[in-house]
2 protein chains.
Amino acid sequence: MGFRNCDDDVVDRPSVTTIHDVAREAHVGESTVSRVLRGQGAVSEKARDRVLSAVRKLGYVPNRIAGTLASSGSRLVALVIPSITNIVFSDVLAAAAPTLTALGQQAVFAVTDYDLDAEERLIESMLAWRPSGIIVAGVEHTPRSIAMLRGSGVRIAEILDAESSGIDIVVGFSNTAAGRESARFLLSRGKRRIGYVGHDLTRDLRAGKRHKGFCQALADGDQRVVDAEIVPALSSIELGRDSLARLLERTPDLDAVYFANDDLAIGGLFHCMANGIAVPDRLALMGYNGLDVGRLAPRPLSTVRTPRRRIGELAATLVCSQQPSQVCDVGFELIEGATV
Amino acid sequence: MGFRNCDDDVVDRPSVTTIHDVAREAHVGESTVSRVLRGQGAVSEKARDRVLSAVRKLGYVPNRIAGTLASSGSRLVALVIPSITNIVFSDVLAAAAPTLTALGQQAVFAVTDYDLDAEERLIESMLAWRPSGIIVAGVEHTPRSIAMLRGSGVRIAEILDAESSGIDIVVGFSNTAAGRESARFLLSRGKRRIGYVGHDLTRDLRAGKRHKGFCQALADGDQRVVDAEIVPALSSIELGRDSLARLLERTPDLDAVYFANDDLAIGGLFHCMANGIAVPDRLALMGYNGLDVGRLAPRPLSTVRTPRRRIGELAATLVCSQQPSQVCDVGFELIEGATV
DNA sequence: CTGAAAGCGCTAACAA
DNA sequence: TTGTTAGCGCTTTCAG
């Protein structure tokens, strides 16, 4: 039980400074303090000064928890993403965070590890903070996730995938189309013995869509993936290097390999460089993401560049706006590079 | 003004479901609902079932804002870091986040962009959420930051630097020592014409300390940095590549270059590979961080590996613990690699 | 085992 | 321009 409001002069009260203490120190009412601190409502010069110096003197830091409860507006935007080490998501975060800050919001995030059930739990726990918006990766979610999101009344942005309409705002591009373009590019360069290196497609749904688009486009050209090395692990440079080694051991006559992303492709490129495999003459390599490391490699990686920062910015902006629900396809760009 | 507690049967009340609604639906008191939801206090099987099905039926999501205000325990841990795209920090985050989740805490973060004044503002805004702990990069902060942190009463962990004692918990290693070891390693391999490539040392304070340690150790061996290329920009592969190019143009007879970090060093390595500069015979390269991309490059990068994930885990654990204030030096490891 | 009631610290009418 | 007051939705005594 708190004695605060019963007796202001109780001696043993080691609690944190509140607006009440500031008001007493400044000899004004609590609401005046509140007005000064929020810069709203008319307050006399005098009162303002007294409040400000009381704040400084007491080292008062407003309690946003209480403020939010009273005003119902948390100024918190939640980001629910599959991974944080994957540069795709850290780029999105890196762009979204300052945008949100500029809009007076604070970013909170949670990592699902590519698990839709974990995502469901995290969405629920984020919603418990009554955020003003939620940004979540992809458009695939559990039915309960969708129901919670729909029922929450907060703005939702689904990002990095824009093939279908979503719950509210969708910002991304077509992964299927990205896969398709990559296949067409390889075919246009005369590649016919094409392999694939990927990680867990049932978890990384967007990589799965690229794979699908890739296979479709090959089929349209009367071709197919000759051999594939798919390891259900987190994608990494190491995985790409080892996977390509295994793939080539099994099927040495491939003339091109499509990787699920640039991390894997860079690993593949390193394998080739370390083993004297001529790229692209003997073997062509194609990645996806358009990472710096690929662009700047001694032999620039052929890949598809995605506007990740733009997506982060746009999602952050829209989620804080009054814009109608919409799907924003920001597209992607095929980078020819020098490995195909 | 809310009518909720005046009249439960008002028609036009489109507000979110509260514990009050659940209590009514389940025909129990609000406190019973609270007990069931928090799994605390004795509740009869019957009441529990009724509450649970009411929760499900109404799609109730508890309001943590209110819960926190009432119980004074936000279960929020704030992370204040300089950058999110820098793998060092995303690794720390990636390790800290699940550790915090396991401890029943939620991670919130803010990015300072290596600016101590921005850090001060962000610390204040984080403190306003009354987190149970704060994890912040480095031990250098503005006086006001330190005062706020000290006065907040929450646990503080300062990470990635363990040369001095800090406010509360410190988890890291000596950057000066890391720089020193790197210099000794180059000297031990007979390098004498040593150059340096770095980014903004006044902002990246830890890079500055490594540079200092490096120079000291060279001086101890009667050597010095022959030429340096320091560009006050964000470190990147591109910057490393371009900087090395400029450095070599100016001082072609260098036999080794120390880079402020692996991103820069990888850029340097790419420059050498693309321009036929023999590494390490003609030019030795030394980085810092121990990134995957360096370890897996065709020629593994010589570098210093730092236990970033361990730091993230440890800081998260300690900040949630009752352990006494302490400095944890988790050390680092020199990786010989093949570029020196 | 259960419910009523008193706050948590702040904001937002409203009255002065 | 200012202070008073009634909540925001939940937790936590305290009686029953």
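Residues numbered from 1 in each chain as written. Chains lettered and ligands numbered in written order. Predicted model: local features only at pLDDT ≥ 70, side-chain atom pairs only at ≥ 80, totals over all residues. Heavy atoms only, no water.

Student: What's the story with the relation of the copies chain B and chain A in this structure? I'm lost.
Tutor: What connects the two chain copies is a rotation about an axis and a shift along it. With an RMSD of 0.1 Å, the operation that places chain B on chain A is a rotation of 180° combined with a shift of 0.0 Å along the axis. Here the two chains are linked by the operation of a two-fold rotation axis. Closest to the rotation axis within chain B is the C-alpha of V108 of chain B, separated from it by 2.3 Å. Both copies share a contact surface, since 100% of the interface residues of chain B are interface residues in chain A too. (Least-squares fit on C-alpha atoms with pLDDT ≥ 70 in both. Contact = heavy atoms within 4.5 Å.)

Student: Looking at this model, I keep getting lost on the packing of helix α2 (residues 30–38) of chain A against helix α3 (residues 45–58) of chain A. Mind explaining?
Tutor: Two packed helices can be described by the angle between their axes and the distance between those axes. Residue and element names in this part refer to chain A. In the contact formed by α2 and α3, the axes pass within 10 Å of each other and the chain directions differ by 85°. One way to sum up the angle between α2 and α3 is to call them roughly perpendicular. Between α2, through T32, V33, V36 and L37, and α3, the contact on the second element is made entirely by A47, R48, V51, L52 and V55. When the residues that make up the contact of α2 with α3 are grouped by side-chain class, the tally is seven nonpolar, one polar and one charged. (Axes fitted to C-alpha atoms, helices over the stretch in contact; angles between N-to-C directions. Helix = DSSP H or I, 4+ residues; strand = E, 2+ residues; numbered from the N terminus. Parallel < 35°, antiparallel > 145°, perpendicular 65-115°, else oblique. Nonpolar A, V, L, I, M, F, W, Y, C, P; charged D, E, K, R; others polar.)

Student: Please clarify how the protein's contact with DNA strand C should be interpreted in this entry.
Tutor: Not every one of the 27 residues close to DNA strand C is listed here, only the nearest: I19, S34 and Y60 of chain A together with R35 and S44 of chain B. Sugar and phosphate atoms represent 69% of those atoms of DNA strand C found within 4 Å of the protein. Interatomic distance of 3.2 Å between a backbone N/O atom of A66 of chain A and a base nitrogen of DNA strand C. A distance of 2.7 Å is found between a phosphate oxygen of DNA strand C and a side-chain nitrogen or oxygen belonging to T32 of chain B. Every element with two or more residues in the surface near DNA strand C is listed here: α2 and α4 (64–71) of chain A together with α2 (30–38) and α4 (64–71) of chain B. (Near = heavy atom within 4 Å. Polar contact = N/O pair within 3.5 Å; in protein donor to acceptor, adjacent residues only side chain to side chain.)

Student: Sorry, what's going on with the protein's contact with DNA strand D here?
Tutor: Near DNA strand D there are 29 residues, and of these G29, R35 and S44 of chain A together with I19 and Y60 of chain B occur at the shortest range. Backbone atoms, meaning sugar plus phosphate, form 65% of the atoms of DNA strand D positioned within 4 Å of the protein. The contact in question runs from a phosphate oxygen of DNA strand D to an N or O atom on the backbone of I19 of chain B, over 2.4 Å. Between DNA strand D and N63 of chain B there is a distance of 3.2 Å, counted from a phosphate oxygen to a backbone nitrogen or oxygen. Elements with a minimum of two residues in the surface near DNA strand D: α2 and α4 of chain A together with α2 and α4 of chain B. Residue composition of the surface near DNA strand D, by class: 12 nonpolar, 13 polar and four charged.

Student: Explain the packing of helix α1 (residues 19–26) of chain A against α2 of chain A here, please?
Tutor: Residues and elements named next belong to chain A. α2 packs onto α1 with a crossing angle of 100° between their chain directions and a minimal axis gap of 8 Å. The angle between the axes of α1 and α2 places the two elements in the roughly perpendicular class. For the pair α1 and α2, contact is made by I19, H20, V22 and A23 and by E30, V33 and S34, respectively.

Student: Mind showing me how you'd approach unusual backbone geometry here?
Tutor: Most peptide bonds take the trans configuration, and most residues that are not glycine carry a negative phi. Geometrically, the link from V279 of chain A to P280 of chain A is a cis peptide bond, its omega value of 5° lying close to zero. Structurally, P280 of chain A can be placed in the loop between α11 (262–274) and β9 (284–286). The phi dihedral of D113 of chain A falls on the positive side, at around 60°, and the residue is not glycine. As for its placement among the helices and strands, D113 of chain A is situated in the loop between β2 (106–111) and α6 (116–127). Positioned with a positive phi, Y114 of chain B is a non-glycine residue whose angle comes to about 60°. Within the secondary structure, Y114 of chain B is located in the loop between β2 (106–111) and α6 (116–127). Classification of Y114 of chain B as buried rests on a relative accessible area of 15%. (Buried < 20%, exposed > 50% of the residue type's maximum accessible area, 1.4 Å probe, protein only.)

Student: When you look at the interface of chain B and chain A in this model, what are you seeing that I'm missing?
Tutor: On the side of chain A, 42 residues touch chain B, which itself brings 42 residues to the contact. Interface area, chain B with chain A, both sides summed: about 4200 Å², of which 72% is carbon and sulfur. When the area that chain B buries against chain A is broken down by residue, the three leading residues are I65, W129 and L296 of chain B, summing to 18%. Where chain B meets chain A, there are two salt bridges. The salt bridge partner of E238 of chain B is R295 of chain A, with a shortest N-O separation of 3.3 Å. The interface formed by chain B and chain A contains eight residue pairs in polar contact (both at pLDDT 80 or more). If you list the elements that add at least two residues to the side of chain B that touches chain A, you get α4, α5 (87–102), β2, α6, α10 (237–250), α11 (262–274) and α12 (292–296) of chain B. (Buried area = accessible area lost by both parts, 1.4 Å probe. Salt bridge = Lys/Arg side-chain N within 4 Å of Asp/Glu carboxyl O.)

Student: What's the story with the state of the cysteines in this structure? I'm lost.
Tutor: Counted according to the given criterion, the structure contains zero disulfides over all chains. Here C328 of chain A stays unpaired: no disulfide links it, and the sulfur of C320 of chain A, its closest cysteine neighbor, is 14 Å away. (Disulfide = S-S within 2.5 Å.)

Student: Quick question: what am I supposed to make of helix α9 (residues 205–220) of chain B here?
Tutor: Each full turn of the α-helix corresponds to 3.6 residues, which orients residues three or four apart in the same direction. Residue and element names in this part refer to chain B. The first and last C-alpha atoms of α9 sit 23 Å apart over 16 residues, in line with the 22 Å expected at 1.5 Å per residue. Taken together, the buried residues of α9 touch α5, β3 (133–137), α8 (175–188), β6 (194–198), β7 (225–230) and β8 (256–259). Trailing α9 by a residue or two, D222 shows a phi angle of about 55°, which is positive. (Expected span 1.5 Å × (residues − 1).)

Student: Looking at this structure, I do not really get α8 of chain B. What am I missing?
Tutor: All names here are of chain B. The end-to-end C-alpha distance of α8 is 20 Å, a good match for the 20 Å that 14 residues give at a rise of 1.5 Å each. Within α8, 10 of the 14 residues are buried, leaving the element largely enclosed by the surrounding structure. Turning to α8, the residues buried within the fold contact β6, α9, β8, β9 (284–286), β10 (303–305) and β12 (333–335). Where α8 terminates, the next one or two residues include G190, which has phi positive at roughly 80°.

Student: I keep staring at the environment of G29 of chain B and nothing clicks. Help me out?
Tutor: Residues and elements named next belong to chain B. Along the chain, G29 falls in the loop between α1 (19–26) and α2. Relative accessible area serves as the criterion here: at 35%, G29 is assigned to the partly exposed category. Sequence separation between G29 and L318 is 289 residues; the distance between their C-alpha atoms is 38 Å.

Student: So what exactly am I meant to see when it comes to the pattern of salt bridges here?
Tutor: For side chains of opposite charge, pairing can occur when their charged atoms come near one another. Residue and element names in this part refer to chain B. This structure, assessed with the given rule, holds 35 salt bridges over all chains. Across the salt bridge formed by E124 and R144, the nearest N and O atoms sit 2.7 Å from each other. With E124 in helix α6 and R144 in helix α7 (residues 143–152), this pair connects stretches of sequence that are 20 residues apart. Relative accessible area serves as the criterion here: at 25%, E124 is assigned to the partly exposed category. Linking E336 and R189 is a salt bridge whose minimum nitrogen-to-oxygen distance equals 2.8 Å.

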